[in-house]
Every structure is written in structure tokens, then in C-alpha cells.
Amino acid sequence: MTLFGYRVPMMASLLVWCVLWEIVGRLDLMFILPPFSDVLAATVDLVQLPSWQSATVTTLRAFLIGMLLAIAAGIPLGMLMGRAKIADDLLGMWVNIFSSAPLSAIVPVLMILFGFGENTIIAAVFLFAIWIIVLDTRAGVRHISPSLIEMARSYGASQPALYGKIIVWAALPEILAGIRLGLIRGVKGVVIGQLLVAIVGYGALFETFSRNFRMPQFWALTIILFAFALVVSALIEWAEAKVEFYAGVR
Amino acid sequence: MRAAAIRNETVMTEPAVDAIVEVRGISKSYGSVEALRDIDLDFPRGKLGPSGSGKTTLLKIIAGLIGADGGTVSVNGKKVSAPGPERAFVFQDFALLPWATVLRNVAFGLELRGTSKEERETTARRYIKDVGLAGFEDKYPHELSGGMRQRVGLARALCVDADVLLLDEPFSAVDEQNRRKFQEDLIRLRTNQNKTFIFVTHSIEEAVYISDRIVLLSPRPGRVSRIIEPQIDRSGDPDRIHRDRHYLDTVEEIWQGLKQYVE
């Protein structure tokens, strides 16, 4: 973007919004919106708190375990649905329902199943993330050129070789897109899970801050979460760009 | 190479005895469309024999990629129903791995067979040179032209050292200059590889130019309508073939016979 002949850097718009936030905050219109500088100061304080650090460890661990499970289960399931019509007919409807359903409503049920602890959070992350991974993997496998499969067969590929050397690679762009979208949904899952359970990790912190009207800390925590989600998705996007070069020529 | 030449000569005298691929009573339907009916064919060893009217189905049945509704295919006297190492397929759309280099693509058939990396790459380099792609080993398919991609597909098929090469309209996605060059290369490869090439083509000129035996299939249902064995001397300059008396006569003869199916 250029403005009055000058090139404006990418993050400039963010700066504008920060300044706007600062001004509105200084006007003291609403107690829920403290000045941005206060939020920044609170962020610096927050990351030094042992309670934040242990909450981050808990949250990150639940998120990673949930995501790994979702990826490990989602990719094979998507492949199965992409390759076998019967699996697609049996499962397709459910995957589509779950991928668009308001899953937050199920989290209380998860609490009954998994108790008030980390397991519920892991289950929430898993449940939020897996469906889009399944759907994208399925789409990727469906798009593989039939002649690539025939080629592998005509040169005597075993089933493991067919999957390991052809299908995974040919569907990789879609699989990565699914993982990226899954990660973003997984962040939602971890936050919603922790908020509902309310005694674990960030959920407990959010609960404390909002109940005691500690708005700068509340916003600081929100910003940290947003930044985390953005960084994670940018990392996957970078990996996607690396495989992009062959997505167009398959 | 000398052995190959001698072998070809014996084949010329006794073609029926030494058939490498035998097709017996093959039929295949797609729903209500009868694609092939009762096909009987022999493909003599060391010869090129394309079929006329786009019968990819027959080629894929020979390759074992699709099953026939009836009839049998034998290769080297053994009945086959699945892909096997004695047959290699060259695909119309090349079917190269876009994420792999030319070298890995050419060696891929051997990779699937579990040949060691060093051995398969040595073999692959040799065939890459044979098809005229030396220097392109580390390029990716999207960096190559259509003609070069098909050369990769051909090198991959040569690499596994099959007796029969099945080519499914290999030149249809290749531009005209490359196609001519490729056809010349195929004549050269045929003389020094001692392999049987069976390929499908729509082009009468192409069929007559490179084939020892041409099988014309009639459309819907596909049946063998004629078998022609053009007597063309291909030992000299490949450009001379285009002006050869037999070449021109055979092209004309086939065209006259096919005219009835047009429209």
C-alpha cells in the first residue's frame, strides 16, 4: 500500500488501531477498555508471574497433545474417506455435521466424561480441530490424479508404498491447509474448554481477571493468545508455501 | 545390440510362434457401453504395434490396470491379470511425481522394487542419457516442457527393463516438433533395446511411421477390424521414411478404410 507517494509497511494499520485504542482508553469512556499502554505494561508484568507461566505450560501442553491426537487421527480418517467410498458414505455426514456444529455446546458433556481437568481440555482441542483436518485430507486425496495411482500400481507399488510415496505427498498441500485451519480451531477449543472448566490454565486466569475487573491483565492475556494463534498459523503457512510449487502442476 | 538384431530377424520369419503378448477373447463394458468385444491379438516379440482408434481400455487391460469382463491376456506365455515387472506403462499425461527430481522419477519404478539407491540411480542416469535428457537430472517436472516430461516417462519405463512397453497415446500432449523427434528416437530405441512396444495412437501417419504391425479397432464395440504390417525399411535416415513409397501407400490405404467411421 502507498500513501501520498510513500510505501506504507504492512504492520502500519495495526499501529493506527493501537493509537486509536490508546486515545479511546485515555478518554476513560468505559472501564472495560483501559489505555493500550496500560495493557502493554500489564503484559510485561503478566509474563513474569509464576501463575501465568504455569498456566501457559498447562495450556500449551493440552493444546499440543490435543492437536497431535487430532492430526494423527484426522489424516488417516480423511485418507480412508478419500479412498474408500463406503467409509465416505458412512462417515461423511457426521464429519460434516461436526465440522459446522457449535461444538462449545458439547464441552460440558466432555466434562462429565473426562472430569474437571486437563483431559477435558485435550478432548475439546481434539474435537474442535479434527474435522477440518479430515475434510481437507479427504479433498486432497480425492484430487490426486488417477494416473499417478495407476502409475504406482503398474510399477508394482505395495499398499504402504502407495500411501507413503504417492498419496501423502500428492495430498500434502491440502493436508497442510487442513492442519493450519485445525490449529486455529484448536486454539478456540483450548480457550473455550478452559473457560468452561474454569479452574485450569488460561481459563482460571481469565476467570480471575474478569471477576476482579483487572481489565489490563485481561486484555494482555487475550493479546498473548491472539499472537500465539497468528504465529502458529503463519508457521504452517510458511510450510504450505514450500510445497505450493507443485500444487499447481499435479 | 548384435543379439537383438539377430533376434528380430528370426521374429520376422516366424511371427506367430514367438508372440510375447497374446490377447484372447477380451471383452469389456462400461455400464451399457460395450467398449471391447471378443478381441484376439498377438504381439510378436520385438515389434511395435499400435492400435488405431484410441483403445486405451485394451492397453490398460494388457497392463493389468483394469480387469476384463471376459477373455485372457498372456505375456511370455503366462496368463496375467495384474500389473507385473515384465510390462511397463507410459502414460498419456506423463504421471510424474511433481515433488521429485527427474532422477528420482526415472528411478521410481526401481525404487518401488527395492533396488538400492546407488544402483537405481546409476541405471536411471544411463536411461536419462538414452532419451536425451542428460543434464536435467536435478530438474523438477514443472521445469520441463511437455516433450521432455514424456521422455522422463519413457526413461522410467525403460529403467525397469520390462519386455513389453505399453504406451498410451504418449505423444498426444506433446507439441509437433517434439513429437517428430520423439518418433525418431523411438525407432532408434526399438532397434537397440530389444523390447516390444505396444502403443495407442490416433494418428495414422504416426502408426505407419514407427510400427511393424498396426491393429485397427473399429469403434463401439471395439473389434479388430484390420491388421496391417507395413513393409518399410527403417534402417537408414528416419526422414526418408516420410517419403517412402510403402509409407505413403499404407497411410492412404488405412485412411480409405477408416473413412466410413467418420461422421
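Above: the structure in question.
In what follows, the accompanying structure is described. Remember, it's a predicted structure, so these values are computed and weren't measured experimentally.

Rules behind the numbers
Residues numbered from 1 in each chain as written. Chains lettered and ligands numbered in written order. Predicted model: local features only at pLDDT ≥ 70, side-chain atom pairs only at ≥ 80, totals over all residues. Heavy atoms only, no water. Helix = DSSP H or I, 4+ residues; strand = E, 2+ residues; numbered from the N terminus. Buried < 20%, exposed > 50% of the residue type's maximum accessible area, 1.4 Å probe, protein only. Areas by Shrake-Rupley, 256 points an atom, 1.4 Å probe, with all protein chains shown as cover. Salt bridge = Lys/Arg side-chain N within 4 Å of Asp/Glu carboxyl O. Contact = heavy atoms within 4.5 Å. Buried area = accessible area lost by both parts, 1.4 Å probe. Polar contact = N/O pair within 3.5 Å; in protein donor to acceptor, adjacent residues only side chain to side chain. Core = buried A, V, L, I, M, F, W, Y, C linked by side-chain atoms within 4.5 Å. Phe/Tyr/Trp six-rings, centres within 6.5 Å; stacked < 30°, edge-to-face > 60°.

### Some words on the overall build of chain B
- The secondary structure content of chain B amounts to nine helices and nine strands.
- Here chain B holds 263 residues, and 52% of them are scored as buried.
- For chain B, the exposed surface amounts to about 11800 Å²; the carbon and sulfur share of it is 47%.

### Describing the pattern of salt bridges
All names here are of chain A.
- Within this structure, the stated rule accounts for 15 salt bridges over all chains.
- Between Glu-22 and Arg-26 there is a salt bridge whose closest N-O contact spans 2.9 Å. Residue Glu-22 and its partner Arg-26 are located together in helix α1 (residues 12-26), separated by four residues, close to a single helical turn.
- Residue classification places Glu-22 among the buried positions, given a relative accessible area of 17%.
- Assessed through its relative accessible area of 56%, Arg-26 is described here as exposed.

### Describing the interface of chain B and chain A
- Listed per partner, the contact involves 26 residues of chain B and 19 residues of chain A.
- For the chain B and chain A pair, buried surface summed over both sides reaches about 1900 Å², with 69% attributable to carbon and sulfur atoms.
- Between Lys165(A) and Glu111(B) there is a salt bridge; the shortest N-O distance is 2.7 Å.
- Taken together, the connections running from chain B to chain A amount to six residue pairs in polar contact (both at pLDDT 80 or more).

### Describing the nonpolar core
- In terms of nonpolar packing, the biggest core is built from 141 residues, with Leu148(A), Met151(A), Tyr202(A), Leu58(B) and Leu154(B) touching the most fellow members.
- At 15 residues, helix α6 (residues 118-142) of chain A tops the list of elements feeding residues into this core.
- Sequence-distant contacts of Leu58(B), defined by excluding residues within four places in its chain, comprise Val23(B), Ile26(B), Leu36(B), Ile39(B), Leu41(B) and Leu217(B).

### Notes on the side chain of Ser99(A)
All names here are of chain A.
- In this structure, Ser-99 sits in helix α4 (residues 85-100).
- Judged by its relative accessible area of 16%, Ser-99 falls in the buried class.
- Within the local environment of Ser-99, its side chain forms a polar contact with the backbone oxygen of Asn-96, the two atoms lying 3.1 Å apart.
- Once you skip the residues sitting within four places of it in the chain, Ser-99 turns out to touch Trp-131, Leu-135 and Arg-185.

### Section: unusual backbone geometry
- Of note, Phe213(A) is a non-glycine position whose phi angle comes to about 55°, a positive value.
- When you line up the elements, Phe213(A) lands in the loop between α10 (201-211) and α11 (215-247).
- Its identity is not glycine, yet Phe94(B) carries a phi of approximately 75°, on the positive side.
- Structurally, Phe94(B) is set in the loop between β5 (87-90) and α3 (102-112).

### Some thoughts on the packing of aromatic side chains
- Within this structure, the stated rule accounts for seven aromatic pairs over all chains.
- Between Phe63(A) and Phe228(A) the ring centres are 5.5 Å apart and the planes differ by 80°, which places this aromatic pair in the edge-to-face class. Of this pair, Phe63(A) sits in helix α3 (residues 50-83) while Phe228(A) sits in helix α11; the two residues are 165 residues apart in sequence, bridging distant segments of the chain.
- Considering the side-chain rings of Phe89(B) and Phe91(B), the 4.6 Å spacing of their centres and the 45° angle between planes classify their relative orientation as tilted.
- On the basis of relative accessible area, Phe89(B) is assigned to the buried category, the value being 1%.
- Residue classification places Phe91(B) among the buried residues on the basis of a relative accessible area of 2%.

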